[in-house]
Amino acid sequence: MKYPFLDLRRLHAPLMEAEKQACARVIESGRYLHGPETAALESEMSRMHASRECVAVSNGLDALRLILRGYIATGRLSPGDEIIVSANTYIASVLAITDAGLTPALVEPEEQTMNLSAETAERAVSGRTRAIMEVHLYGTPARHSAIREVAARHGLLIIEDNAQSIGASEHGIPTGAMGDAAAFSFYPTKNIGAVGDAGAVVTADRELAAAIRALANYGSDRRYHNIYQGFNCRMDEIQAALLRVRLGHLEEDRARRQAAAAAYAQTLDNPLVVPPATIDTMTQVWHQYVVRCSRRDELRAYLAGQGVGTDIHYAVPPHLQPCYATLPHGPLPVTERMADEALSLPIASVTERQAREIAGIINNFK
Ligand SMILES: *Cc1c(COP(=O)(O)O)cnc(C)c1O
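An account of the accompanying structure is given in this report. None of the values given here were measured: they were computed from a predicted structure.

Quick notes on the side chain of H12
Inspection of the secondary structure assignment puts H12 in helix α1 (residues 8–12). Judged by relative accessible area, which is 14%, H12 ranks as buried. Dropping the residues within four chain positions of it, H12 is found in contact with E19 and R246.

Laid out in structure tokens, this is it:
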């Protein structure tokens with residue numbers, strides 16, 4: 001492929017030496033879990049997110065599971081409670097909800113942000129609703145300022161799934177510091193990616209953070225004293241050390257993605273292809289650059305023929321997966337159309353110039 005969809009080696013080449021040094025430092029230290037790198041990563045994440053507490057964990061799905069189970073452990077959610085979540089999310093958001101014995105209420109996204117809208121969230125509120133899971137998909141924040149009013153009116157918690165939008169904001173408020181608790185993923189392809197699995201929880205709620213720290217460590221609040229039937233959801237020191245290097249370059253990565261996205265937006269000019277909206281009240285971080293096309297599969301094959309790698313996020317929404325065959329939900333035509341029309345263009349490892357070239361190729365699609 002002349003334009004690979006994602007080239008992680010190329011993306012990380014400039015930081016490779018610093019990353020090797022960070023990993024070597026851990027190997028030589030003899031401290032591989034719960035050490036100084038993890039603690040330092042937690043304080044750096046905390047500083048980025050309005051000084052909220054951060055708990056480094058094993059991955060993004062575990063971060064979501066720990067938030068929900070932490071709320072159950074502290075008595076603020078109970079099995080059977082309903083959590084409103086956008087139906088077009090990655091399945092992990094929904095898996096965390098059902099794993100905790102909670103009930104997902106799947107709602108349609110809005111066209112512009114491709115995220116939950118305040119209107120569809122409001123309509124989904126029932127007597128059993130206790131929380132809204134705000135997913136910031138593809139690097140674009142959900143409309144938190146509007147959704148927050150719905151949550152306040154009905155006394156609901158807001159849990160952010162910020163796996164895809166570290167460094168984004170709405171009205172200057174960073175995703176991950178908007179709601180009551182937020183989950184982050186450092187899966188290798190995320191905007192800040194580890195060389196393996198890693199994730200984090202950020203919250204202003206000290207009681208929740210303490211419960212999550214315990215739950216993630218066998219349920220123990222101090223050595224050999226188990227207050228919960230917990231899990232092992234630790235982050236490795238080696239991942240923490242490497243993530244600190246990458247987190248230090250978040251702004252460069254964001255600026256590169258934004259430049260490529262702007263190049264696409266300026267150059268794309270094909271009535272068959274709808275580019276993602278640029279929203280002036282938001283800082284978008286372009287985890288994915290998702291265009292929509294009613295002839296998506298033809299466009300994808302055409303682009304492959306021209307040397308352009310693409311991907312689909314996500315071809316099958318959670319409610320159409322076999323594991324959720326019996327999950328109750330209303331009609332979800334917007335979600336299903338997005339799944340049929342979405343096509344992700346190369347964004348993380350392309351230059352502005354390559355983005356212009358790819359847009360030019362798309363403009364020739366008939
Ligand atoms: C990646 C992702 C997750 C899960 O993160 P992992 O680290 O892969 O477990 C959860 N939600 C969303 C929206 C994601 O994109």
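Regarding the state of the cysteines
Applying the stated criterion to the full structure yields 0 disulfides. Lacking any disulfide linkage, C54 is separated from the closest cysteine sulfur, that of C233, by 14 Å. Given a relative accessible area of 4%, C54 falls into the buried group. Of all cysteine sulfurs in the structure, the one in C233 sits closest to C323, which takes part in no disulfide; the separation is 20 Å.

A few points about the nonpolar core
Core analysis: the largest hydrophobic core is formed by 44 residues, its most contacted members being I67, L68, Y71 and M133. Among the elements that make up this core, the one with the highest residue count is helix α4 (residues 60–73) (6 residues). No fewer than three residues from each of domain 1 (8–107 + 116–247) and domain 2 (250–363) sit in this core. In contact with Y71, not counting residues within four places along its chain, are R76, L77, L157, I159, D180, A181, D205 and L208. Among the nonpolar cores identified, the runner-up in size contains 25 residues, and Y289, A359, I361 and F365 belong to it.

Some points on the sheet that holds strand β7 (residues 173–174)
With antiparallel pairing, 3 strands are arranged side by side in an open sheet as β7-β6-β12. The open sheet has two edge strands with one neighbour each: β7 and β12 (282–283). As paired elements, strand β6 (residues 169–170) and β7 share 2 bridges and run antiparallel to each other. Each residue of the ladder has a partner; that of E170, found in β7, is I173.

Calculation criteria
Residues numbered from 1 in each chain as written. Predicted model: local features only at pLDDT ≥ 70, side-chain atom pairs only at ≥ 80, totals over all residues. Heavy atoms only, no water. Helix = DSSP H or I, 4+ residues; strand = E, 2+ residues; numbered from the N terminus. Buried < 20%, exposed > 50% of the residue type's maximum accessible area, 1.4 Å probe, protein only. Contact = heavy atoms within 4.5 Å. Disulfide = S-S within 2.5 Å. Core = buried A, V, L, I, M, F, W, Y, C linked by side-chain atoms within 4.5 Å. Domains from an automatic or database assignment. Pairing = 2+ DSSP bridges.

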